Amino acid sequence: MTQPESAAAGGDWPLFEVFIRSRSGLEHKHVGSLHAADARMAIEHARDVYTRRQEGVSLWVIRSADIIASDPEEADALFEPARDKVYRHPTFYAIPEEVKNL
Amino acid sequence: MNAAVTPPRRHPAGLTAALFRYVLRLGDTSLVLGQRLGEWVGHAPALEEDLGLANLALDLIGQARLFLTYAGELEGRGRDEDALAYGRDAPQFANLALAEQPNGDFGSTIVRQVLLDAWQLEIYEGLASSTDTRLAAIAAKALKETRYHYRFSSGWLVRLGDGTDESHRRAQQGLESLWRFTGELFAADEVEAEISAAGIAPRLESQGQRWSARIDEVLDEATLARPAHQPYAWHGKRGVHTEHLGHLLTEMQHVSRSYPGARW
């Protein structure tokens, strides 16, 4: 696809991440991102792009640049040490017969 | 069903005729404006705006369906929403002339939208407590949509008007060229006079003052200058349209007229 002028208009706008709380959910979940010129427009775009099918009852948007992310280069150091610690999963308990829904 | 039991007439015959024309005006204005906004699909300045404008268009066409269905019932000649939308020519359309004006640039589209969103806000707020329960229900639903439309359009008007020199110039230009069609918005003729006399809707003139105040407020925030009052020459709601409506209908009615009665 070629990049028409329209790409330039949106391209100037900062990127926002969108979070939606669904009707039945308690927490806001990340659903995607969009471009917007300001916070108000970001909420409107989030509403128009991500809640057209009754996906939610509450919206959060945050500038993507404001998110502090872990460094993929450090993934080994951050996450590998948990790999061999299976005892952290509560899978070593004998479940009594009477307990049905655990 | 017992044929002897007929539903009670809700309005006297004369009033029903006026109400038909009144409801047709509301429905046609929503339909034509929705069709205009639909023309932006695939052409909006950004993907997000594309979806935003399409959402407004779909809300408006949804309103049109409810109004036109009701209008068809009031008319009592067996015309449904589709027959009214696709089977009439321009002189039978009763939309406000402002709604049919071409999109122009994005600035003009936003100006047209602000002017009409603010108009619909007044009209629907007034109708939400109407003695005609059918109209009240449609208006209550449409009002929620329109509050969002105005939030969207007024936000853009301020952004454009109070933005760059270029965006300010274009927004002001759109305002200058569309302002002459605003005279029609709150000028009541015998139809609206009868409807308000029957207590179905508030008097149009009193709503016009609130519209005017709302527009002044948003123009002020957008640093745009309100054009001088211009006597209006177009009577869209009486079927006297600008040449633009015919072109719009040609496109909108093309499939229906080429393949009458087609189903899929």
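Residues numbered from 1 in each chain as written. Chains lettered and ligands numbered in written order. Predicted model: local features only at pLDDT ≥ 70, side-chain atom pairs only at ≥ 80, totals over all residues. Heavy atoms only, no water.

(A) Representation of the overall build of chain A within the structure. Looking only at helices and strands, chain A features 3 helices and 3 strands. Each helix and strand of chain A, placed in order from N terminus to C terminus, yields the pattern α-β-β-α-β-α. The burial tally for chain A puts 21% of its 102 residues in the buried class. When contacts within chain A are restricted to residue pairs at least 6 apart in sequence, those whose partners lie at least 24 apart make up 46%. (Helix = DSSP H or I, 4+ residues; strand = E, 2+ residues; numbered from the N terminus. Buried < 20%, exposed > 50% of the residue type's maximum accessible area, 1.4 Å probe, protein only. Contact = heavy atoms within 4.5 Å.)

(B) The overall build of chain B, seen in detail. Looking only at helices and strands, one finds 11 helices and 0 strands in chain B. N-terminal to C-terminal, the α/β element order of chain B is α-α-α-α-α-α-α-α-α-α-α. Taking 2.2 N^0.38 as the reference for a compact globule, 264 residues should give roughly 18 Å; the C-alpha atoms of chain B span a radius of gyration of 19 Å, in line with that estimate. C-alpha extents for chain B along the principal axes are approximately 70 × 45 × 30 Å. (Rg over C-alpha atoms; globule rule 2.2 N^0.38 Å.)

(C) Spatial organisation of the packing of aromatic side chains. All names here are of chain B. Here the structure, examined in full by the defined rule, presents 6 aromatic pairs over all chains. Between F67 and Y124, the aromatic rings sit 6.1 Å apart at their centres with planes inclined by 25°, giving stacked as the arrangement. Linking F67 in helix α2 (residues 47-75) with Y124 in helix α5 (residues 106-127), this pair joins segments that are 57 residues apart in sequence. Here the two residues F67 and Y124 agree in accessibility, since each one is buried. (Phe/Tyr/Trp six-rings, centres within 6.5 Å; stacked < 30°, edge-to-face > 60°.)

(D) Up close: the interface of chain A and chain B. On the chain B side, the residues contacting the 16 residues of chain A number 15 residues. Our enumeration of links across chain A and chain B arrives at 2 salt bridges. Between D38(A) and R159(B) there is a salt bridge, and its shortest N-O distance comes to 2.7 Å. For the pair chain A and chain B, the number of links is 9 residue pairs in polar contact (both at pLDDT 80 or more). Going through the elements one at a time, α1 (5-11), β2 (29-35) and α2 (39-50) of chain A are the ones with two or more residues in the side of chain A that touches chain B. With 8 residues, the top contributor of residues to the side of chain A that touches chain B is α2(A). Here the side of chain A that touches chain B is composed, by residue class, of 6 nonpolar, 4 polar and 6 charged. (Salt bridge = Lys/Arg side-chain N within 4 Å of Asp/Glu carboxyl O. Polar contact = N/O pair within 3.5 Å; in protein donor to acceptor, adjacent residues only side chain to side chain. Nonpolar A, V, L, I, M, F, W, Y, C, P; charged D, E, K, R; others polar.)

(E) Examining the sheet that holds β2(A) more closely. All names here are of chain A. Strand order in the open sheet formed by 3 strands is β2-β1-β3, and the pairing between neighbours is antiparallel. Two strands lie at the open edges of the sheet, namely β2 and β3 (58-63), each paired on one side alone. Neighbour-to-neighbour, the strand axes of this sheet turn through a mean angle of 30°, independent of strand direction. The sheet contact formed by strand β1 (residues 15-21) and β3 spans 6 bridges and is antiparallel. Bridging across to β3, I20 finds its partner in L59. The strands touched by α2 within the sheet are β1, β2 and β3, with β2 carrying the most contacts at an inclination of about 115°. (Pairing = 2+ DSSP bridges. Axes fitted to C-alpha atoms, helices over the stretch in contact; angles between N-to-C directions.)

(F) Fine view of the environment of G27(B). Residues and elements named next belong to chain B. One can find G27 in helix α1 (residues 13-38). Using a relative accessible area of 0% as the deciding quantity, one classes G27 as buried. Considered as a pair, G27 and F67 are 40 residues apart in the sequence and their alpha carbons are 4.8 Å apart. When sequence neighbours within four positions are dropped, the list of residues in contact with G27 reads A64, F67 and L68.

(G) Molecular detail of the packing of α2(B) against α5(B). All names here are of chain B. At a closest axis distance of 13 Å, the pairing of α2 and α5 adopts a crossing angle of 35°. Between α2 and α5 lies a crossing of left-handed hand. In this structure, α2 uses E49, L53, L56, L60, Q63 and F67 to contact α5, whose residues at the interface are F106, Q113, Q120 and Y124. Residue composition of the contact of α2 with α5, grouped by class: 6 nonpolar, 3 polar and 1 charged. (Left-handed = near helix turned anticlockwise from the far one by under 90°.)

(H) The environment of A193(B), seen in detail. By secondary structure assignment, the location of A193(B) is in helix α8 (residues 190-197). On a C-alpha basis, the gap between A193(B) and V240(B) in space is 19 Å, while along the polypeptide they are 47 residues apart.

(I) Up close: the pattern of salt bridges. Inspection of the entire model under this criterion finds 28 salt bridges over all chains. Note that E44(A) is salt-bridged to R40(A), the shortest N-O span being 3.2 Å. Remark: R40(A) and E44(A) occur in helix α2; sequence separation between them is 4 residues, near one turn of the helix. For E44(A), a relative accessible area of 1% corresponds to the buried category. Of the charged contacts in the structure, one is a salt bridge between R210(B) and E122(B), with a shortest N-O distance of 2.9 Å. Note that R210(B) is positioned in helix α9 (residues 204-221) and E122(B) in helix α5, a separation of 88 residues in sequence. The class of R210(B) is partly exposed, set by a relative accessible area of 46%. The class for E122(B) is buried, based on a relative accessible area of 2%. Each of R21(B), R25(B), D189(B), E190(B), E192(B), K237(B) and R238(B) takes part in a single network of salt bridges with overlapping partners.

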